[in-house]
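Below are the chains, spelled out letter by letter.
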Amino acid sequence: TAEIVKATSLPVTVKTRLGWDDDTKNVVEAAERLQDIGIEAISIHGRTRKQMYKGEADWSLIAEVKNNPRMRIPVFGNGDIDSPEKARWVLNTTGANAVMIGRSAQGRPWLPAQVDQFLNSGRIEINPNLSEILSALITHIKELSYFYGEVMGVRIARKHVGWYLNECFSETPEEAKLVKSAFNRCETTEEQ
């Protein structure tokens, strides 16, 4: 990381986890060292590498990094931020400067805008209806094929559409399965 900081005039940020496993939760020391070599901000996922995405995120070490008197750089909290209310809770609990939304935005690309609106106004007015979601999905499918080319775009669209369907059919997962199955048989962007 030090070599990257030296090699560019651009700001360098780091995203990390609490540590490798429960026996090596060393994020406080790692954050200090990263700051010392010149990173501009750090995002911390509230789980260890061994946990991956299982279990609950642990916010206490993120708060410890943020409240460390040695820390001068922004600290972002990450992990399990799946709603505007959770984002506010994480900010209040950890004192973090911001939150980073990851997997929770898959199939819900409007989530970051909802979080921003809620944190700034206390309201959530960005709540897309089914036709708006469908419009976003169609645009997403087209853009994937434009960016990756037809063959790869069609394949990559399958996982993205799966995420949208999980969101849209959250109360009827069997219907989502049927639609996914039909969608996954499509071979062109036009079919999709």
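What comes next concerns the included structure. Source: prediction; values computed, not measured.

Reading across the sheet, the 4 strands line up as β1-β2-β3-β4 and stay open at both edges, with parallel pairing between neighbours. Unpaired on one side and paired on the other, β1 (13-17) and β4 (98-100) mark the two borders of the sheet. Each adjacent strand pair in this sheet contributes to an overall mean axis angle of 30°, direction not counted. Pairing analysis gives 3 bridges linking strand β3 (residues 75-78) to β4, with the strands arranged parallel. Bridge pairing in β4 places Gly77 opposite Val99. Against the sheet, helix α3 (residues 60-67) touches β2 (41-45) and β3, its axis set at about 175° to β3.

Turning to the packing of aromatic side chains, a few remarks are in order. For the structure shown, the criterion picks out 2 aromatic pairs. On the basis of an interplanar angle of 75° and a centroid distance of 6.3 Å, the ring pair of Trp59 and Trp89 is categorised as edge-to-face. Of this pair, Trp59 sits in the loop between β2 and α3 while Trp89 sits in helix α4 (residues 84-94); the two residues are 30 residues apart in sequence, bridging distant segments of the chain. For Trp59, a relative accessible area of 7% corresponds to the buried category.

Next up on the list: the pattern of salt bridges. Counted by the stated rule, this structure contains 9 salt bridges. Glu187 is the salt-bridge partner of Arg158, the closest N and O atoms lying 3.8 Å from each other. In this pair, Arg158 sits in helix α7 (residues 150-168) while Glu187 sits in the segment after α8 (173-184), placing the two residues 29 residues apart along the sequence. Residue classification places Glu187 among the exposed residues on the basis of a relative accessible area of 53%. Taken together, the shared-partner salt bridges connect Asp22, Lys25 and Asp58 into one network.

Where helix α2 (residues 27-37) contacts α3, the two axes come as close as 9 Å, and the packing angle between them is 35°. When you trace α2 past α3, the crossing you get is right-handed. Note on element contacts: α3 touches α2 through Leu61, Glu64 and Val65, opposite Val27, Val28 and Ala31. Taken together, the residues of the contact of α2 with α3 break down into 5 nonpolar, no polar and 1 charged.

Reading the values: rules and limits
- Residues numbered from 1 in each chain as written.
- Predicted model: local features only at pLDDT ≥ 70, side-chain atom pairs only at ≥ 80, totals over all residues.
- Heavy atoms only, no water.
- Pairing = 2+ DSSP bridges.
- Helix = DSSP H or I, 4+ residues; strand = E, 2+ residues; numbered from the N terminus.
- Axes fitted to C-alpha atoms, helices over the stretch in contact; angles between N-to-C directions.
- Contact = heavy atoms within 4.5 Å.
- Phe/Tyr/Trp six-rings, centres within 6.5 Å; stacked < 30°, edge-to-face > 60°.
- Buried < 20%, exposed > 50% of the residue type's maximum accessible area, 1.4 Å probe, protein only.
- Salt bridge = Lys/Arg side-chain N within 4 Å of Asp/Glu carboxyl O.
- Left-handed = near helix turned anticlockwise from the far one by under 90°.
- Nonpolar A, V, L, I, M, F, W, Y, C, P; charged D, E, K, R; others polar.

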